[in-house]
Every structure is written in C-alpha cells, then in structure tokens.
Amino acid sequence: MAAAAAAAAKIAPSMLSSDFANLASEAERMVRLGADWLHMDVMDGHFVPNLTIGAPVIESLRKHTKAYLDCHLMVTNPSDYVEAFGKAGASGFTFHIEVTRDNWKELIQSIKAKGMRPGVSLKPGTPVEDVFPLVEAETPVELVLVMTVEPGFGGQKFMPEMMDKVIPSKFFWGVRTLRKKYPSLDIEVDGGLGPSTIDVAASAGANCIVAGSSVFGAADPGQVISALRKSVEASQIKG
Ligand SMILES: O=C(CO)[C@H](O)[C@H](O)COP(=O)(O)O
Ligand SMILES: [Fe+2]
C-alpha cells in the first residue's frame, strides 16, 4: 500500500500580535513574506479572559486580501458565529471541543454548509483522544489544533509536553499520537512557537504552525517564517 502523502507545511502568523490599527497592511506584509495562512484569534471574553475580534473585522479584512483566514474561535457558543463568519469570508472555522461535546456533528455540518473548513481545538488539559470521533466522523473535521499554551493571550511559553501530553500525574496522547494515527491530517500547533521551539513540534508531526510574537517581534519576520517552514519540511523528509 502506498504511504499517505504528508500534510503540507502551512505557516500561519497570528494576527493577534499585529498592529490591529493597520490590519490590512499587516496581512499583506505577512503574505508577501511567505505566510500560507493568516491566523485570526477570536476571543469572547468568556471562554477566555480576553476580548479580540469578531466577524465584522474578518469581513473588513476580506476586502483587502485573498489569503486563507484561519479562524480560531475561543468562544463559548461557536454555533452562534458560523453564519456570520461564513458571510464575512472566513476560510477555516476551528472551534473548541471543551464547549461542543453535545453538538459537534451539527456544528461541523453547518461550518461546511457555509463554505468553511471545519477544525477542532483542544486546551492543554484536554486529552487528544477526545477528538478522534470528530476526525473519524462521516462529516469530519479537517484540522486538529493542539494548543501549546493556555488559550487567551499571545506571547506565552511553549509547552513541549503537549507533544505527548504528559501533565503531572496524567498522561494523554498528544501530537505524536495524532500524527501516527492520521498521516495526512492537518495538525496545527498554537502558542509559543518560534525558531527555538519549532523542531520539537515539527518532529512530533505538526504541519500547521501558528506563530504570533516570534514573527511580529522579529527583526526579519520573513526569515522566521522560512525557518518554521524548513523545520516542518525537514522533519517530514526524516519521517
Ligand atoms: O490562540 C492564541 C492564544 O490563545 C494565539 O494564536 C497564540 O498564542 C499565538 O501567539 P504566540 O505565538 O505569541 O504564542
Ligand atoms: Fe490561536
């Protein structure tokens, strides 16, 4: 049997670290410097203790860019956002499993019906096996986002233990197990990624890399984007 194709590297600068007052030009700059996706952090001040952007901002940005808008919804009621995000021009719609235990099937279907790519995200304390049914569903998620910090803020420290989810006194399967189980799935890591942490995530099998402060805070953001991509591609060659 032929081996499944590796999931392509996608480098997604988190616009949370950009200058929100100049979002369109920041987006254009990231795409010009080699970004594949733009990661949009949507926080409702309830699921996480921070408030960021909503569909009106996605709609405004969409008028200025054709880029893939990878929306990460850190909100308590993601179903309430599907229609507006679809209309606004979001490309990916990633919700959290912690708040969708009872309605993920309908949610995935509604995301697809609005022309977006469904994804599911997990907080650090959530076992990775909780999302296996969503990846194996008749209408599956197409991306799993493993948080490598507690959601809510940029600029936090990467948690390498999320590769195997070894948390004091608990062991859950992490990124490495997901990759072994699903060779061509888009596996995204988010939080604290940059040149000094990427090799750990890439060698565990992550192919979609969100990076906010390491990209926007760099003297040469293009070089950081390219270093992240090289690490993912090198890990895939090594296997
Ligand atoms: O979802 C997020 C926070 O909840 C952000 O996407 C994430 O933190 C990216 O920022 P940084 O690379 O600075 O950690
Ligand atoms: Fe995010």
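- Within an unreviewed UniProt entry, the label attached to the chain reads Ribulose-phosphate 3-epimerase, and the organism entered is Hordeum vulgare subsp. vulgare.
- The heading Sequence similarities (unreviewed entry) in the UniProt record of the chain holds the text "Belongs to the ribulose-phosphate 3-epimerase family."

## Structural notes on the coordination of the iron ion (ligand 2)
Argument step 1. Coordination sphere of the iron ion (ligand 2), protein contribution only: H39 (NE2), D41 (OD), H72 (ND1) and D190 (OD), at 2.1 to 2.3 Å.
Argument step 2. Each of the six donor atoms bound to the iron ion (ligand 2) contributes to angles spanning 70 to 172 degrees, and the resulting shape is octahedral.
Argument step 3. In primary-sequence terms, the residues that donate to the iron ion (ligand 2) follow H-x1-D-x30-H-x117-D. Placement of D41 in strand β2 (residues 37–43) and of H72 in strand β3 (residues 68–74) is noted, with a sequence separation of 31 residues between them.
Argument step 4. Taking relative accessible area as the criterion, D41 reaches 6% and is therefore assigned buried.

## Observations concerning the pairing of β2
Argument step 1. The buried fraction of β2 is high, at seven of seven residues.
Argument step 2. Of the two faces of β2, the one lined by W37, H39, D41 and M43 and the one lined by L38, M40 and V42 are each fully buried.
Argument step 3. Both β2 and β3 contribute to a ladder of seven bridges, which runs parallel. When the sheet's bridge partners are listed, M40 is paired in β3 with C71.
Argument step 4. Considered for its hand, the β-α-β crossover made up of β2, helix α2 (residues 55–62) and β3 is right-handed.

## Considering the UniProt feature "binding site: a divalent metal cation" (unreviewed entry) in the chain
Argument step 1. Within the UniProt annotation, "binding site: a divalent metal cation" (unreviewed entry) is assigned to H39, D41, H72 and D190. On the basis of their most widely separated C-alpha atoms, the annotated residues across 152 residues gather in one place, lying no more than 10.5 Å apart.
Argument step 2. Here H39 lies in strand β2.
Argument step 3. With residues near it in sequence (within four places) discarded, H39 still touches A12, P13, S14, M15, D70, H72, L145, E188, D190 and V210.
Argument step 4. A polar contact of 3.0 Å, which involves the side chain of H39, links it to the side chain of D41.
Argument step 5. For D41, the residues in contact, after removing those within four places along its chain, are S14, L16, T52, I53, H72, M74 and D190.

## Observations regarding the pattern of salt bridges
Argument step 1. Summed over the entire model, instances satisfying the criterion amount to ten salt bridges.
Argument step 2. Taken together, the shared-partner salt bridges in this structure form one network comprising K112, R117, E142 and D186.

## Things to note about helix α4 (residues 104–113)
Argument step 1. Restricting attention to buried positions, one finds in α4 the residues W104, L107, I108 and I111. For α4, the angular spread of the buried residues around the axis is 100 degrees, confining them to a single face. In α4, the exposed positions angled more than 90 degrees off the buried face are occupied by K105 and A113.
Argument step 2. Looking at the packing, one finds that the buried side of α4 touches α3 (82–88), β4 (92–96), β5 (117–122) and α5 (132–135).
Argument step 3. G115, located one to two residues past α4, shows a positive phi value of around 85 degrees.

## Let's talk about the UniProt feature "active site" (unreviewed entry) in the chain
Argument step 1. Sites flagged by UniProt as "active site" (unreviewed entry) map to D41 and D190. These annotated residues cover 150 residues of sequence, but their C-alpha atoms sit close together, with the largest distance between any two at 10.5 Å.
Argument step 2. Tracing the backbone shows D190 in strand β9 (residues 186–190).
Argument step 3. When near neighbours in sequence (up to four residues on either side) are disregarded, D190 contacts H39, D41, H72, L145, V146, M147, T148, V149 and V210.
Argument step 4. At a separation of 3.1 Å, a polar atom in the side chain of D190 contacts the side chain of H72.

Reading guide: rules and limits
- Residues numbered from 1 in each chain as written.
- Chains lettered and ligands numbered in written order.
- Predicted model: local features only at pLDDT ≥ 70, side-chain atom pairs only at ≥ 80, totals over all residues.
- Heavy atoms only, no water.
- UniProt positions renumbered as here; feature names shortened; annotations may be inferred.
- Donors = N, O, S within 2.8 Å, 3.2 Å for Na, K, Ca; no water.
- Tetrahedral: all angles 85-135°; square planar, octahedral: opposite > 155°, others 65-115°.
- Helix = DSSP H or I, 4+ residues; strand = E, 2+ residues; numbered from the N terminus.
- Buried < 20%, exposed > 50% of the residue type's maximum accessible area, 1.4 Å probe, protein only.
- Pairing = 2+ DSSP bridges.
- Right-handed = clockwise from strand over helix to strand, strands pointing away.
- Contact = heavy atoms within 4.5 Å.
- Polar contact = N/O pair within 3.5 Å; in protein donor to acceptor, adjacent residues only side chain to side chain.
- Salt bridge = Lys/Arg side-chain N within 4 Å of Asp/Glu carboxyl O.
- Arc of directions from axis to C-beta.

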